[in-house]
Amino acid sequence: MTKDSSNIQKWIEGIPYEIAFWNNVYRWKRPFDGLMKWSHYGNFIELECFNASQFLENQENPLVLDVGAGMSYATGNYINKGGEKTPLDIHYVDPLAPFFNKILKKYKKNLPEIDFGMMEYLSAFYPDHNVDLVIIQNALDHSSNPLKGIYEAVDTLRVGGKLYLNHHPNEAEMEHYKGFHQFNICAENEKLTIWNKSERYDIAELLHVFAEVETATAESGHVIAIITKKSDVPYDLLGDKNDKRVLAEALLQQSFSSFSFAKRLRMSLLYWKYNFIQFVIQGLPWDLRMKIKRLIKQA
Ligand SMILES: C[S@@+](CC[C@H](N)C(=O)[O-])C[C@H]1O[C@@H](n2cnc3c(N)ncnc32)[C@H](O)[C@@H]1O
């Protein structure tokens, strides 16, 4: 099995936690209301350290993708055009979309459906090189191959379009490489760096032929990068043929796993374990939840 398809197998193990988390945020009134208060849904687009509204105002019908959107609707879905609050053509994209859309239905939430898409293969979902802005917040480091995710996101952009990244520094280290957390993102000497125990990439260096990378550390401590597309992404970086091999291998590996009763039971138990934990946690007041989180991190 190639490294890419074995990373996909590890990535699949992160799915039960993510679904259990959102299922219980939407189940309980308090966390759901808290989420909606924090998110900019229904308001102007707002991103840390980047005036997205100004950037988009000058485009005819700007197209925006929020990739790895989860169910947070964090970014805001309006821009100011000629003094008018104008709806933005924004697509919320996530590989767990089929599960998330079921959660939306189950709890009868009147929010836009989420589009199915995976950042490592994003150009297959949005092939027209016409996207103005791709936003990836707190999700690049959850993917099985963040470097490919960046190449693919840049490929979907028009020349001059921007990829906006916003991430907690070194999440995989903090989360002990569990679940979706297989990669760290940091601003090493203000250079966007992606790394784990076996790989390390200087993103500006890798992209310099076709994109420009600006990196900053926000007041919140988040690592921000704004990547502007200068020209087409070289075809060999997108590697369609390699993608087919990786996905065919991952598919076969998954079907072998599904023959094993023990493996199916393990995934099912993982989901119900996390669903129970999240049922209890999301039902608690926010302050108490934060205290427990701090205690767990210190332990
Ligand atoms: C922590 S949530 C972040 C949600 C939202 N962006 C935010 O900041 O509130 C991470 C999301 O990334 C998604 N994700 C994981 N791997 C991904 C991939 N390969 N491509 C796109 N999204 C992915 C997960 O399904 C999950 O919904």
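Above this text is the structure in question.
Residues numbered from 1 in each chain as written. Predicted model: local features only at pLDDT ≥ 70, side-chain atom pairs only at ≥ 80, totals over all residues. Heavy atoms only, no water.

Asks: Explain the packing of helix 2 (residues 15-27) against helix 3 (residues 29-38) here, please?
Replies: The geometry of a pair of packed helices is captured by two quantities: the angle between their axes and the separation between those axes. Across the interface, helix 2 lies against helix 3 with an axial gap of 5 Å and an inter-helix angle of 95°. With respect to helix 3, the axis of helix 2 lies roughly perpendicular. Residues W22, N24, V25, Y26 and R27 of helix 2 form the contact with helix 3, whose own contacting residues are K29, P31, F32, L35 and M36. (Axes fitted to C-alpha atoms, helices over the stretch in contact; angles between N-to-C directions. Helix = DSSP H or I, 4+ residues; strand = E, 2+ residues; numbered from the N terminus. Parallel < 35°, antiparallel > 145°, perpendicular 65-115°, else oblique. Contact = heavy atoms within 4.5 Å.)

Asks: Would you take a moment to explain the pattern of salt bridges for this structure?
Replies: Close approach of charged atoms allows side chains of opposite charge to pair. Considering all chains together, one arrives at eight salt bridges under this definition. The residue D132 makes a salt bridge to R158 at a minimum N-O spacing of 2.5 Å. In this pair, D132 is assigned in strand 6 (residues 131-137) and R158 in strand 7 (residues 157-167), connecting sequence segments 26 residues apart. Here D132 falls in the buried class, since its relative accessible area comes to 6%. For the salt bridge of E188 with R200, the shortest nitrogen-to-oxygen distance reads 2.4 Å. Here the residue E188 occupies a position in strand 8 (residues 184-188), and R200 occupies one in strand 10 (residues 200-202), the gap between them amounting to 12 residues. By relative accessible area, which is 34% here, E188 ends up partly exposed. Each of K148, E152 and D243 takes part in one network of salt bridges that share partners. (Salt bridge = Lys/Arg side-chain N within 4 Å of Asp/Glu carboxyl O. Buried < 20%, exposed > 50% of the residue type's maximum accessible area, 1.4 Å probe, protein only.)

Asks: What is the right way to read the packing of aromatic side chains from this model?
Replies: The description of an aromatic ring pair uses the distance of the two centres, along with the angle that the planes make with each other. Inspection of every chain in the model, using the stated rule, returns 15 aromatic pairs. When the centroid spacing of 5.9 Å and the interplanar angle of 50° are considered together, the rings of F50 and F55 count as tilted. The class for F50 is buried, based on a relative accessible area of 15%. Assessed through its relative accessible area of 15%, F55 is described here as buried. Ring pairing ties together the aromatic residues Y17, F21, W22, F100 and Y274, which thus form one cluster. In this arrangement the basic side chain of K85 is found over the ring face of F44, its NZ or CZ atom lying 5.9 Å from the centre. Sitting over the face of the ring of Y78, K85 holds its NZ or CZ atom 4.7 Å from the ring centroid. (Phe/Tyr/Trp six-rings, centres within 6.5 Å; stacked < 30°, edge-to-face > 60°. Lys NZ or Arg CZ within 6 Å of the ring centre and 35° of its normal.)

Asks: What's the story with the nonpolar core in this structure? I'm lost.
Replies: The tendency in soluble globular proteins is for nonpolar side chains to be buried as a group. Grouped together as the largest cluster of nonpolar side chains are 45 residues, with contacts concentrated most on Y26, I45 and L133. Apart from residues no more than four positions distant in its own chain, L133 is found in contact with I45, L47, F50, A52, F55, L56, L63, V64, L65, L157, K162 and Y164. Formed by 35 residues, the second largest nonpolar core is a distinct cluster that contains Y126, V134, Y151 and L165. (Core = buried A, V, L, I, M, F, W, Y, C linked by side-chain atoms within 4.5 Å.)

Asks: Please explain the sheet that holds strand 12 (residues 223-229) as it appears in this structure.
Replies: What links the strands of a sheet is backbone hydrogen bonding, and the strands pair in either a parallel or an antiparallel sense. Pairing is mixed across the open sheet formed by seven strands, whose spatial order is 5-4-1-6-7-12-11. Edge positions in the sheet fall to strand 5 (115-116) and strand 11 (211-217), since each of these pairs with one other strand and no more. One ladder, built from six bridges, connects strand 7 with strand 12; its direction is antiparallel. Paired with N166 across the bridge in strand 12 is I224. (Pairing = 2+ DSSP bridges.)

Asks: Just checking my understanding: could you explain the sheet that holds strand 10 for this structure?
Replies: Pairing is antiparallel across the open sheet formed by three strands, whose spatial order is 8-9-10. The open sheet terminates on both sides in strands that have one partner only, identified here as strand 8 and strand 10. Within this sheet the neighbouring strands show an average axis-to-axis angle of 25°, counted without direction. Examined bridge by bridge, strand 9 (residues 191-195) and strand 10 share three bridges and lie antiparallel to one another. Residue pairing across strands places T193 opposite D202, the latter belonging to strand 10.

Asks: Got a minute to help me understand the site of the ligand in this structure?
Replies: Residues in close proximity to the ligand total 19 residues, the closest being G68, S72, D94, E120 and Q137. Take E120: an N or O atom from its side chain is 2.7 Å from a nitrogen atom of the ligand. One nitrogen or oxygen atom from the main chain of H142 is found 3.5 Å from a nitrogen atom belonging to the ligand. Taken by itself the ligand offers 590 Å² of open surface, and the protein chains cover 93% of this. Per-class residue counts for the shell around the ligand are nine nonpolar, seven polar and three charged. (Near = heavy atom within 4 Å. Polar contact = N/O pair within 3.5 Å; in protein donor to acceptor, adjacent residues only side chain to side chain. Areas by Shrake-Rupley, 256 points an atom, 1.4 Å probe, with all protein chains shown as cover. Nonpolar A, V, L, I, M, F, W, Y, C, P; charged D, E, K, R; others polar.)

Asks: Looking at this model, I keep getting lost on unusual backbone geometry. Mind explaining?
Replies: Glycine aside, residues mostly have negative phi, and peptide bonds are mostly found in the trans state. Positive phi outside glycine occurs at N170, with the angle close to 50°. One can find N170 in the loop between strand 7 and helix 8 (171-174). Under the relative-accessibility criterion, N170 is labelled partly exposed at 25%. You will see that H176, though not glycine, has its phi angle at about 55°, which is positive. Locating H176 in the fold gives a position in the loop between helix 8 and strand 8. Under the relative-accessibility criterion, H176 is labelled exposed at 57%.

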